[in-house]
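Chain and residue survey
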Amino acid sequence: MPMRIVTSTRPSVVALTDSYIAYIMYERRLSAHTISCYRRDLAHFAVWLEWKGIDDLSQIAPKDVFRYVGLRRRHGLSDSSLQRELSCIRSFFRYLQRECIVEENPAKSAQIPRSPRKLPTVLSHEEVTRLLNFPGDSPEIIRDRAILELLYSSGLRLDELLKTNLNNLDLRERLIVILGKGKKTRYVPIGSHAVQAIQTWIQVRIKMTNAQERALFVGMRGKRISRSCIQRLVSQWAKKQGIIHPVSPHTLRHTFATHLLASSGDLRAIQEMLGHVSITTTQIYTHMDFSHLAEVYKKTHPRASQKKAPCKDEVDTKVRPSVPALRYLI
């Protein structure tokens, strides 16, 4: 049964989506990346509504949402992207309910079968050591080294790194103040190697920008570095250092959490450092750690397979964390 309009006037779809974007930006304070994704998702939805000739959002039924999701799937969208689009539409209609534009949420019952969650890519201790040890003393290389050290040392999200200003650092106490998702502040330790790399960078940074620039990391023109620039430099350095699989800033965040859990086992502390609202989000790293241990068991335990049991030295080499890599976290 179609929903009836509650208010006497009927704002346009464009006006309602603009109002919703302002709501998630200023009231819910979602991250810039999430806002960008939601704006794009609603733009796709609005085009579909126009194509279907629907200008009254109160007339949308659950079957319409299912049809839209089915169309997007046929266009090749991945399950994760479909989940995000559906979450966006569901949130949009919740907002319309709050504003008394519609009575019911047609996306409330819509579900997409969840595919098995893939474990994120994590660098080995040897790969981290290789990635963080590259020669050069040009301003760009010194900056890149500081970025990579900080990403691995403190497990920052890309947006958090981009927003970091000079006054967010306390290098004497080896702490960084992070403004995370939902504008929530947290304090995260910085490893000694990252502190040293940042101090070296700050000495170079003074010559590259003016006193009014607050950003910790700037580009060659002296302005705050861009998202694409950081993504590119992380990927390029990984390739230059002989790491064969793709590496992104988030790969270093996953690696930070996995290595810290392997050496400490303190899931709550890792949750705080990562800025996760729920411990269940952090628990993926316990699965990753177990997966690693299961692989070690399969390769090394005398009764795990028909292979010849390795000697003790071989077992120790695989099970014990690599000290040169873990030193970046302390």
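These remarks concern the structure in this document.

What counts and how
- Residues numbered from 1 in each chain as written.
- Predicted model: local features only at pLDDT ≥ 70, side-chain atom pairs only at ≥ 80, totals over all residues.
- Heavy atoms only, no water.
- Helix = DSSP H or I, 4+ residues; strand = E, 2+ residues; numbered from the N terminus.
- Buried < 20%, exposed > 50% of the residue type's maximum accessible area, 1.4 Å probe, protein only.
- Contact = heavy atoms within 4.5 Å.
- Areas by Shrake-Rupley, 256 points an atom, 1.4 Å probe, with all protein chains shown as cover.
- Pairing = 2+ DSSP bridges.
- Core = buried A, V, L, I, M, F, W, Y, C linked by side-chain atoms within 4.5 Å.
- Axes fitted to C-alpha atoms, helices over the stretch in contact; angles between N-to-C directions.
- Parallel < 35°, antiparallel > 145°, perpendicular 65-115°, else oblique.
- Arc of directions from axis to C-beta.
- Phe/Tyr/Trp six-rings, centres within 6.5 Å; stacked < 30°, edge-to-face > 60°.
- Salt bridge = Lys/Arg side-chain N within 4 Å of Asp/Glu carboxyl O.

This paragraph deals with the overall build of the protein chain. When helices and strands are counted, the protein chain shows 15 helices and 3 strands. Evaluated residue by residue, the protein chain yields a buried proportion of 45% over its 330 residues. Within the protein chain, contacts between residues separated by at least 24 positions form 62% of all contacts whose residues are at least 6 apart in sequence. Roughly 18700 Å² of accessible area belongs to the protein chain as shown, and the carbon and sulfur atoms make up 53% of that amount.

Attention shifts here to the sheet that holds strand 2 (residues 175-179). Pairing is antiparallel across the open sheet formed by 3 strands, whose spatial order is 1-2-3. The outermost strands of the open sheet, each flanked by one partner alone, are strand 1 (169-170) and strand 3 (185-189). Where strand 2 meets strand 3, 5 bridges bridge the pair, whose relative direction is antiparallel. Residue pairing for strand 3: Ile 176 is matched across the bridge by Val 188.

Counting residues in hydrophobic clusters, the biggest one holds 52 residues, and the most contacted among them are Leu 131, Leu 150, Ile 190, Trp 201 and Phe 217. A per-element tally of this core places helix 6 (residues 139-154) first, with 8 residues. With near-sequence residues (within four places) excluded, Phe 217 lies in contact with Arg 143, Ala 146, Ile 147, Leu 150, Leu 161, Trp 201, Lys 223, Arg 224 and Ile 225. Counting residues in each nonpolar core, the second largest holds 32 residues, with Leu 16, Trp 48, Leu 49 and Val 102 among its members.

Another point: the packing of helix 2 (residues 32-52) against helix 4 (residues 79-98). Contact geometry for helix 2 and helix 4: axes closest at 9 Å, N-to-C directions at 85 degrees. Relative to helix 4, the element helix 2 is oriented roughly perpendicular. Residues Cys 37, Tyr 38, Arg 40, Asp 41, Leu 42, His 44 and Phe 45 of helix 2 form the contact with helix 4, whose own contacting residues are Arg 84, Glu 85, Ser 87, Cys 88, Ile 89, Phe 92 and Phe 93.

Every buried residue of helix 5 (residues 125-132) is accounted for by His 125, Glu 127, Val 128, Leu 131 and Leu 132. Looking down the long axis of helix 5, one finds its buried residues gathered within 160 degrees of arc, a one-sided arrangement.

Below, the discussion takes up the packing of aromatic side chains. Considering all chains together, one arrives at 11 aromatic pairs under this definition. Between Tyr 20 and Phe 92, the aromatic rings sit 5.5 Å apart at their centres with planes inclined by 70 degrees, giving edge-to-face as the arrangement. With Tyr 20 in helix 1 (residues 13-26) and Phe 92 in helix 4, the pair connects residues that are 72 residues apart, well separated along the chain. Both residues of the pair, Tyr 20 and Phe 92, belong to the buried class.

Our next topic: the side chain of Thr 17. Turning to its location among the elements, Thr 17 is positioned in helix 1. On the basis of relative accessibility, which here comes to 11%, the residue Thr 17 falls in the buried class. Once you skip the residues sitting within four places of it in the chain, Thr 17 turns out to touch Leu 42 and Phe 92.

Tallying each qualifying case throughout the model produces 11 salt bridges. In this structure, the salt-bridge partner of Glu 85 is Arg 72, at a minimum N-O distance of 2.6 Å. Of this pair, Glu 85 sits in helix 4 while Arg 72 sits in helix 3 (residues 62-74), and the two are 13 residues apart along the sequence. By relative accessible area, Glu 85 is classed as buried at 3%. Judged by its relative accessible area of 11%, Arg 72 is buried.

The alternating pattern of strand 2 places Ile 176 and Ile 178 on a buried face, while none of Leu 175, Val 177 and Leu 179, on the opposite face, is buried. Here 2 bridges tie strand 1 to strand 2, and the two strands are oriented antiparallel to one another. In the sheet register, Leu 169 faces strand 2, and the bridge partner there is Ile 176. Hairpin remark: strand 1 followed by strand 2, antiparallel, with 4 residues in the connecting loop; positive phi at Arg 174, about 55 degrees.

Interpretation note: all reported values are geometric properties and have no functional meaning in isolation.
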